[in-house]
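What the coordinates show
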Amino acid sequence: MSLFNKLIVGTLPLIPKFIVGSISKRYIAGERMIDAVRMVRKLNQERFMATIDLLGEHASRREEAIEAADEYVRLIEAIAIEKLDSNVSIKLTHLGLKLDYEFCLANVSRIVAAAKERGNFVRLDMEDSSCTDDTMRMYMTLRRKYWNVGLVFQAYLRRTIRDIRSLIDDGMNINVRLCKGIYNEARTIAYNDKEIINRNFALLLRELFQRGGYVAIATHDEKLVWEAFMLIDEFKLKPEQYEFQMLLGVDAELRRIIRDSGHRLRVYVPYGSQWYAYSARRLKENPQIARYVLNNLLKGS
């Protein structure tokens, strides 16, 4: 991390909470489920799909993890009642992964079962590299029983190409989200060069298309969008064989360009009372975001 980025991260605790809140409003639907429902309804009206994420990570108490699972079950019910075009994304540490694997598996199984009953889908978000093995293990366990569960692969991890091949070689018809990855990892674990990460993203996308996987192409980088367009054309894929994904509040113009080019796009919609912790953690983990925030503060945004 550069000295300048360290300086930015070090000053984050000095930024008033209301300023962080004003910035986060662009990227977070609100604190309540009804806020997420309202945002997804608006996105659906604009011909975008959605995935909803309840904010929270690294549950320190079992009660906290159970409460999160309960909220997800209610959320899945709300999506069905409101007839929204949305699935859900979950973080395993929010559901107790760091407390006990089997306890977490029980919580996640309850969510996936509720979604299956409603014909919906659950995406297991990928967190930092300390969670990768357990997340893959849980995905493989769930996938043998449920059709409606998917995984995330991160292009900056050196191991990802091997992980993709191991799952497909194991006979799994996988449904994955492919993203760059945001966590601050050691060089031995992750690529740090932006060009290498982009080239690896394109390589992994080709690998997934060649092997018949369903891919959610998660990027705001127009170079990678172009790469994806070329591969979609090369493999002659139909729109229902893949989708693009983007975060709420990020490059809405590119989002519309992708949609208007005939591709399906899903927007990642976070909500919850833990918006401040989420925002602060994202800023600390990714100094480039911190730099962006500081630039906006200086501009008076």
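We now turn to the structure provided with this report. (Residues numbered from 1 in each chain as written. Predicted model: local features only at pLDDT ≥ 70, side-chain atom pairs only at ≥ 80, totals over all residues. Heavy atoms only, no water.)

1. Comments concerning the packing of aromatic side chains
How we decide: Whether two aromatic rings pair depends on their centres lying within 6.5 Å, for rings of Phe, Tyr and Trp, where Trp uses its six-membered ring; planes under 30 degrees apart make the pair stacked, over 60 edge-to-face, and the rest tilted. Whether a charge lies above a ring is judged from NZ of Lys or CZ of Arg, which has to be within 6 Å of the ring centre and within 35 degrees of the ring normal.
Counted by the stated rule, this structure contains 3 aromatic pairs. Joined through ring pairs, the aromatic side chains of Phe229, Tyr242 and Phe244 make up one cluster. Across from the ring centre of Phe103, 4.4 Å away, lies the NZ or CZ of Arg62, which sits over that ring. The cationic tip of Arg137 hangs over the ring face of Tyr101; the distance from NZ or CZ to the ring centre is 3.7 Å.

2. Let's talk about unusual backbone geometry
Test applied: The helix count covers DSSP runs of H or I at least four residues long, the strand count covers runs of E at least two residues long, and both are numbered beginning at the N terminus. The classification of residues rests on relative accessible area computed with a 1.4 Å probe and restricted to protein chains. Under 20% of the type maximum is buried, over 50% is exposed, and intermediate values are partly exposed.
Phi angles above zero are rare outside glycine, and Lys236 is one such case at about 55°. Tracing the backbone shows Lys236 in the loop between α9 (222–234) and β7 (242–247). Its identity is not glycine, yet Asp251 carries a phi of approximately 50°, on the positive side. Following the sequence through the fold, Asp251 ends up in the loop between β7 and α10 (252–260). Take Asp251: its relative accessible area is 33%, and that puts it in the partly exposed class.

3. A look at the sheet that holds strand β5 (residues 175–179)
Under the convention used in this document: One requirement defines pairing of two strands: DSSP has to find at least two bridges between them. Lines fitted to C-alpha atoms define the axes here, with helix axes fitted over just the stretch in contact, and angles between the N-to-C directions of these axes take values from 0 to 180 degrees. The contact criterion used is simple: two residues touch if any of their non-hydrogen atoms lie within 4.5 Å.
On the basis of which strands lie adjacent, the closed barrel formed by 8 strands has the order β1-β2-β3-β4-β5-β6-β7-β8 and parallel pairing. Along the sheet, successive strands turn relative to each other by an average axial angle of 30°, direction set aside. Across 6 bridges, the pairing between strand β1 (residues 49–54) and strand β8 (residues 265–271) is parallel. Within β8, the position partnered with Ala50 by the bridge is Val267. Lying over the sheet, α10 contacts β7 and β8, oriented at roughly 165° with respect to β7.

4. Concerning the packing of helix α5 (residues 101–117) against helix α6 (residues 132–143)
Operational definition: For classification purposes, an angle smaller than 35 degrees is called roughly parallel, one larger than 145 roughly antiparallel, one from 65 to 115 roughly perpendicular, and anything else oblique. Two helices cross in a left-handed way if the nearer one is turned anticlockwise from the farther one by less than a right angle. They cross in a right-handed way if the turn is clockwise.
Between α5 and α6, the least distance of the axes is 11 Å, while the angle of their chain directions is 45°. The pairing of α5 with α6 is recorded here as oblique in orientation. Considering only the axes of α5 and α6, their crossing is right-handed. Side by side, α5 and α6 meet where Tyr101, Glu102, Cys104, Leu105, Val108, Ser109 and Val112 of the first sit next to Asp134, Arg137, Met138, Thr141 and Leu142 of the second.

Any link to function would need more than the numbers given here.
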